[in-house]
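Architecture at a glance
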Amino acid sequence: PKDVYFAVGMLTAEMADANNEMRAKCLTTTDGVDRMRMILRLAEDRINKVAAQRLTEQITEEVSADERDLTVGTAEIPQWAYQIKKGTRVSYFWNENEGWCKGYVAEEPVKIGYELIIAVTFDD
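This structure is a prediction, so every number in the text was calculated from the model and none was measured.

The next point concerns the overall build of the protein. When its secondary structure is counted, the protein shows 3 helices and 5 strands. For the protein, the residues scored as buried account for 21% of the 124 residues in total. Sequence separation of 24 or more characterises 37% of the internal contacts of the protein that already satisfy a separation of 6 or more. Accessible surface for the protein amounts to roughly 9600 Å². Of this, 52% is attributable to carbon and sulfur atoms.

Next comes the structure, spelled out in structure tokens:
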């Protein structure tokens, strides 16, 4: 898995168009999760801009010229979501068969764009 973490981190750095200083940090960081968090922070701004641009393009294709007077805002994560930390006990509705599954937050949540990525380890 270490090779996979390294490859994914470096690929993400390439996609985020990281500068040479950030690439050097990626090469010297031995923890794959830390490397990914570092790169995702860099990519966050780009992801927001690209998502907003795609949404705007999609809307302008579907809407007449008279209705295109739009501005793109930023989606906000609810304040209560920031209270979720590593070790927090959670329940997640998996599906109709499994129902509610209990677990805990395995790592500190990572904000990517306008989403909060939470790794959960389930009890079952």
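Structure's up, so let's keep going.
The next subject is helix H1 (residues 2–15). Over its 14 residues, H1 runs 20 Å from end to end, which matches the ideal 20 Å to within 8%, given 1.5 Å per residue. Where H1 is concerned, the buried positions are Gly9, Thr12 and Ala13. Taken around the axis of H1, the buried residues stretch over an arc of 105°, which confines them to a single face. Across from the buried face of H1, at angles greater than 90 degrees, the exposed residues are Asp3, Val4, Leu11 and Met15.

Another aspect to go through is the confidence of the model for the protein. Averaged over the protein, the pLDDT score is 80; the fraction of residues at 70 or greater is 85%. Least confident of the elements in the protein is helix H3 (residues 32–62), whose mean pLDDT is 75; most confident is strand S5 (residues 120–122), at 93.

Scanning the entire structure with this criterion turns up 4 aromatic pairs. Ring geometry for Tyr92 versus Trp94: centroids 5.9 Å apart, planes at 70°, classification edge-to-face. Exposure remark for Tyr92: the relative accessible area of 45% places this residue in the partly exposed category. Seen in terms of ring centroids, Phe93 and Trp100 are 5.5 Å apart; in terms of plane orientation they differ by 65°. Their pairing is edge-to-face.

What follows covers the pattern of salt bridges. Using the criterion set out here, one finds 3 salt bridges in the structure. Close ionic contact of Glu14 with Arg23 constitutes a salt bridge, the shortest N to O distance being 2.7 Å. Note that Glu107 is salt-bridged to Arg37, the shortest N-O span being 3.6 Å. In this pair, Glu107 is assigned in the loop between strand S2 (99–105) and strand S3 (110–112) and Arg37 in helix H3, connecting sequence segments 70 residues apart.

Rules and cut-offs
- Residues numbered from 1 in each chain as written.
- Predicted model: local features only at pLDDT ≥ 70, side-chain atom pairs only at ≥ 80, totals over all residues.
- Heavy atoms only, no water.
- Helix = DSSP H or I, 4+ residues; strand = E, 2+ residues; numbered from the N terminus.
- Buried < 20%, exposed > 50% of the residue type's maximum accessible area, 1.4 Å probe, protein only.
- Contact = heavy atoms within 4.5 Å.
- Areas by Shrake-Rupley, 256 points an atom, 1.4 Å probe, with all protein chains shown as cover.
- Expected span 1.5 Å × (residues − 1).
- Arc of directions from axis to C-beta.
- pLDDT = per-residue confidence, 0-100.
- Phe/Tyr/Trp six-rings, centres within 6.5 Å; stacked < 30°, edge-to-face > 60°.
- Salt bridge = Lys/Arg side-chain N within 4 Å of Asp/Glu carboxyl O.

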